[in-house]
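Single-letter residue listing:
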Amino acid sequence: MRLWIEGGQGMCQNLTRDSERTGSLMTNFADRRRMMVDNQVRPSDVTKYPIIEALLSVERENFVPQALREAAYLGENLAFSKDRVLLEPRTLAKMLDALDITADELVLDLGAGMGYSSAVIAQMAQAVIAVEEDETLARDAETLLAETGVVNAVVETGPIAAGAPQHGPYDVITVEGAVEVVPQAIIDQLKDGGRMAAIFADGNLGTVRIGLKVNGQMNWRFSFNASAPVLAGFEREEAFSL
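Residues numbered from 1 in each chain as written. Predicted model: local features only at pLDDT ≥ 70, side-chain atom pairs only at ≥ 80, totals over all residues. Heavy atoms only, no water.

### Considerations on helix α2 (residues 49-57)
- All buried positions along α2 are accounted for by Ile51, Ile52, Ala54 and Leu55. For α2, the buried positions fall inside an angular range of 165 degrees around the axis, keeping them on one side. (Buried < 20%, exposed > 50% of the residue type's maximum accessible area, 1.4 Å probe, protein only. Helix = DSSP H or I, 4+ residues; strand = E, 2+ residues; numbered from the N terminus. Arc of directions from axis to C-beta.)

### A short note on the packing of aromatic side chains
- Tallied over the full model, the rule gives three aromatic pairs.
- When the ring of Phe200 is compared with that of Trp220, the centres are 4.9 Å apart and the planes differ by 75 degrees; the resulting orientation is edge-to-face. With a gap of 20 residues between them, Phe200 in strand β7 (residues 190-202) and Trp220 in strand β9 (residues 217-225) connect regions that are remote in the sequence.
- With relative accessibility at 9%, the residue Phe200 sits in the buried group.
- On the basis of relative accessibility, which here comes to 29%, the residue Trp220 falls in the partly exposed class.
- The ring of Phe224 carries the charged tip of Lys94 above its face, separated from the ring centre by 5.1 Å.
- Taking NZ or CZ as reference, Arg209 lies 4.4 Å from the ring centre of Phe200, over its face. (Phe/Tyr/Trp six-rings, centres within 6.5 Å; stacked < 30°, edge-to-face > 60°. Lys NZ or Arg CZ within 6 Å of the ring centre and 35° of its normal.)

### Description of the environment of Glu61
- Locating Glu61 in the fold gives a position in the loop between α2 and β1 (78-81).
- Taking the relative accessible area as the measure of exposure, Glu61 reaches 5% and is therefore buried.
- Along the sequence, Glu61 and Arg33 sit 28 residues apart, while their C-alpha atoms lie 9.3 Å from each other.
- Non-local contacts of Glu61, meaning those with residues more than four positions away in its chain, are made with Phe29, Arg33, Arg69, Ala72 and Tyr73. (Contact = heavy atoms within 4.5 Å.)

### Topic: the nonpolar core
- If you look at the biggest cluster of nonpolar residues, it comprises 56 residues, and the most contacted ones within it are Leu55, Leu96, Ile101, Tyr116 and Val120.
- Filtering out sequence-adjacent residues up to four positions away, Tyr116 remains in contact with Met36, Leu55, Val58, Arg60, Phe63, Leu86 and Leu92.
- By size, the runner-up hydrophobic cluster in this structure holds 22 residues, among which are Leu106, Val182, Ile187 and Phe200. (Core = buried A, V, L, I, M, F, W, Y, C linked by side-chain atoms within 4.5 Å.)

### Focus: the sheet that holds strand β8 (residues 205-214)
- Spatially, β5-β4-β3-β6-β7-β8-β9 is the arrangement adopted by the seven strands of the open sheet, whose pairing is mixed. Among the strands making up the open sheet, the edge pair consists of β5 (153-157) and β9. With strand direction ignored, the average angle separating the axes of adjacent strands in the sheet is 20 degrees.
- Two elements, β8 and β9, share eight bridges in a ladder whose sense is antiparallel. Bridging across to β9, Val208 finds its partner in Phe224.
- Each of β6 (170-179), β7, β8 and β9 touches helix α3 (residues 89-99); the most contacted strand, β9, lies at about 135 degrees to it.
- Set on the sheet, helix α5 (residues 135-147) makes contact with β4 (127-132) and β5; between it and β5 the angle comes to about 165 degrees. (Pairing = 2+ DSSP bridges. Axes fitted to C-alpha atoms, helices over the stretch in contact; angles between N-to-C directions.)

### Some remarks on the confidence of the model for the protein
- Per-residue pLDDT for the protein averages 89, and the proportion of residues at 70 or more is 87%.
- pLDDT under 50 marks residues 1-25. Its contacts with residues more than four places away, or in other chains, come to 10 contacts. (pLDDT = per-residue confidence, 0-100.)

### A few points about the side chain of Arg84
- Mapped onto the elements, Arg84 comes out in strand β2 (residues 84-86).
- A residue is classified by how much of its surface remains accessible, and Arg84, at 8% relative accessible area, is buried.
- At 2.6 Å, the side chain of Arg84 forms a polar contact with the side chain of Glu132. (Polar contact = N/O pair within 3.5 Å; in protein donor to acceptor, adjacent residues only side chain to side chain.)

### Brief notes about empty space enclosed by the protein
- Inspection of every chain in the model, using the stated rule, returns one cavity of 30 Å³ or more.
- Its boundaries defined by the atoms lining it, the largest cavity holds a volume of some 80 Å³.
- Lining the largest cavity are Phe80, Val85, Leu86, Leu87, Leu92, Gly111, Ala112, Gly113, Met114, Tyr116, Ser117 and Glu176.
- Listing elements by their share of the lining of the largest cavity, those giving two or more residues are β2 and α4 (116-122).
- Here the lining of the largest cavity is composed, by residue class, of eight nonpolar, three polar and one charged. (1 Å grid on protein atoms, 1.4 Å probe; cavity = no way out; pocket = protein on both sides within 12 Å on 5 of 7 lines; lining within 4 Å. Points joined across faces, edges and corners; volume = space filled by probe spheres on them. Nonpolar A, V, L, I, M, F, W, Y, C, P; charged D, E, K, R; others polar.)

What follows is the structure, encoded as structure tokens:
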């Protein structure tokens, strides 16, 4: 909002116009959130109230770089960098729908970026541990989560593939990017009976699978198709031949 220092009546008129523009922008983003839910999420068979309520209440535009705010509600992944994205709303919503997170569960959110997924999950879970290895993104996530009043999420800065074993074990683990393999170090942080969602990459294609840990082993089932760049530390080791 600009402040004008001359002409009392003119100052009031300019303040009014600036306030109207600010209000219009806020309303515009609120409208886009509703459209995101109505046009991208509900048609994908995601109708659970906690998920819908979280997606409507968390201001996605605040959890992306300034240059991407206008694109925040598009139905596609938003790239932070060459190999990091904010997952499209449909993908995140369907992952959360399949995981069916409850209010007494502890969630590990891997590759949290600027904190959007953690803010959404925090609306449903008892607590969220967000892991982000990019120090700038991690600082942004910590600031944004605090500014938006999310009190049940903690941001840990460090390798995504290492997780955060000091806070585990976890009831649920979400991966905000693609994997070729899931490191054993991550599986070890999931409770027996716990669930995990990840996008498994296969060339340019990908499938979201939901894993259930039973007797220390992961049992994976197909959920739906999606794609994202493979996160560092989740690549398949190349086999070398002599």
